[in-house]
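Tertiary structure, described
These are the residues of each chain, in order.
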Amino acid sequence: MLRIAVMVSGGGTNLQAIIDGVKDGTITNTEIVGVISNNRNAYALKRAEENGIPSLCVSPKDYETREIFNEKLLEAVDGLQPDLIVLAGFLVVIPPAMIQKYRNRMINIHPSLIPSFCGKGYYGLKVHEAALERGVKVVGATVHFVDEGTDTGPIILQKAVEVEQGDTPEILQRRVMEQAEWKILPRAIDLIANGRVRVEGNKTVID
Ligand code: GAR
């Protein structure tokens, strides 16, 4: 069984897709051992509670310095003894020590086709605003391993989604979630849980 810890900041629809995937067998050999949020009011915490999954909040507001917060966050993660960390809309800069410790054992879902619309400042709705602003016709989502850069780690899965006439950032965000994120994140976890993802340099090979 792959023990996964899911880290969240907001609504938690990706967390829900993982919970549903484990329940309906789309994700196999996997147990969600805990949910960690940086935001006490995240609806994602409610989703964890409703599904009997242990959850905790580690907020930067509760600590005097970023360094202390980073230590507490890593302690909370380590406490769950996860095999894999899943960043599911976790909008906090990951402590360098955590990146090092969980190299190739931490994945992130990003709401664009990397390397478009990614990196510093591109998160959540901002990604979709930028895509509409640029007038691209195809957008999508990416699941990748986390390395020291922002959205630069080895790509595991991507899925494209078409932009439609009259899209607003909110409408586009929803379509990208429905058609891409909620599909490729559970799929990536299942692949990892079944030993089918190999990292070779800055790429992955799916067996
Ligand atoms: C998702 O669209 C996810 O891809 C994005 O935040 C949203 C969280 O929604 N993540 C990033 O932008 C990371 N750079 P959710 O809380 O409903 O899963």
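See the structure above.
All values reported here derive from a predicted model rather than from experimental measurement.

**Section: the sheet that holds strand 2 (residues 30–37)**
The strand order 3-2-1-4-5-6-7 describes an open sheet built from seven strands, whose pairing is mixed. Each of the sheet's edge strands pairs with one partner strand only, and the pair in question is strand 3 (55–57) and strand 7 (155–162). Taken over all neighbouring pairs, the strand axes of this sheet differ in orientation by 20° on average, direction set aside. The sheet contact formed by strand 1 (residues 2–8) and strand 4 (residues 84–87) spans four bridges and is parallel. Each bridged residue has a counterpart across the sheet, and for Val-6 the counterpart in strand 4 is Val-86. Docked against the sheet, helix 2 (residues 43–50) engages strand 1, strand 2 and strand 3, running at close to 155° with respect to strand 3. Contacts from helix 6 (residues 169–193) reach strand 1, strand 2, strand 4, strand 5 (106–110), strand 6 (138–145) and strand 7 within the one sheet, and its direction differs from that of strand 7 by about 155°.

**Observations concerning helix 5 (residues 125–134)**
For helix 5, the set of buried residues is Val-127, His-128, Ala-130 and Ala-131. The buried residues of helix 5 occupy one face: seen down the axis, they fall within an arc of 160°. Just downstream of helix 5, Gly-135 is the residue with a positive phi angle, here 80°.

**Comments concerning the pattern of salt bridges**
Proximity of charged atoms lets side chains of opposite charge pair with each other. In this structure the tally under the stated criterion is nine salt bridges. Residues joined in a network through salt bridges with shared partners are Glu-164, Asp-167 and Arg-175.

**Some thoughts on the environment of His-144**
Its location among the elements puts His-144 in strand 6. What makes His-144 buried here is its relative accessible area of 2%. Placed 35 residues apart in sequence, His-144 and Ile-109 show a C-alpha to C-alpha distance of 6.8 Å.

**Side note on the site of the ligand**
As a matter of local geometry, the ligand sits amid 15 residues, with Gly-12, Thr-13, Asn-14, Gly-124 and Glu-181 nearest to it. Note that an oxygen atom of the ligand is positioned 2.9 Å from one of the side-chain N or O atoms of Asn-14. Here Gly-124 contributes a backbone N or O atom positioned 2.8 Å from an oxygen atom of the ligand. Surface burial for the ligand is 91%, taken as the share of its 450 Å² of free accessible area covered by protein chains. Counting residues per element, the ones that place at least two in the shell around the ligand are helix 1 (13–24), strand 5 and helix 6.

**Describing the packing of helix 1 against helix 2**
To describe two helices that pack against each other, one gives the angle between their axes and the distance between the axes. One can describe the packing of helix 1 onto helix 2 by two numbers: an axis separation of 9 Å at closest approach and a directional angle of 20°. Accordingly, the angle class assigned to the pair helix 1 and helix 2 is roughly parallel. Between helix 1 and helix 2 lies a crossing whose hand is right-handed. Contacts from Thr-13, Leu-15, Gln-16 and Ile-19 of helix 1 reach helix 2 at Ala-44, Arg-47 and Ala-48.

Parameters and conventions
- Residues numbered from 1 in each chain as written.
- Predicted model: local features only at pLDDT ≥ 70, side-chain atom pairs only at ≥ 80, totals over all residues.
- Heavy atoms only, no water.
- Pairing = 2+ DSSP bridges.
- Helix = DSSP H or I, 4+ residues; strand = E, 2+ residues; numbered from the N terminus.
- Axes fitted to C-alpha atoms, helices over the stretch in contact; angles between N-to-C directions.
- Contact = heavy atoms within 4.5 Å.
- Buried < 20%, exposed > 50% of the residue type's maximum accessible area, 1.4 Å probe, protein only.
- Arc of directions from axis to C-beta.
- Salt bridge = Lys/Arg side-chain N within 4 Å of Asp/Glu carboxyl O.
- Near = heavy atom within 4 Å.
- Polar contact = N/O pair within 3.5 Å; in protein donor to acceptor, adjacent residues only side chain to side chain.
- Areas by Shrake-Rupley, 256 points an atom, 1.4 Å probe, with all protein chains shown as cover.
- Parallel < 35°, antiparallel > 145°, perpendicular 65-115°, else oblique.
- Left-handed = near helix turned anticlockwise from the far one by under 90°.

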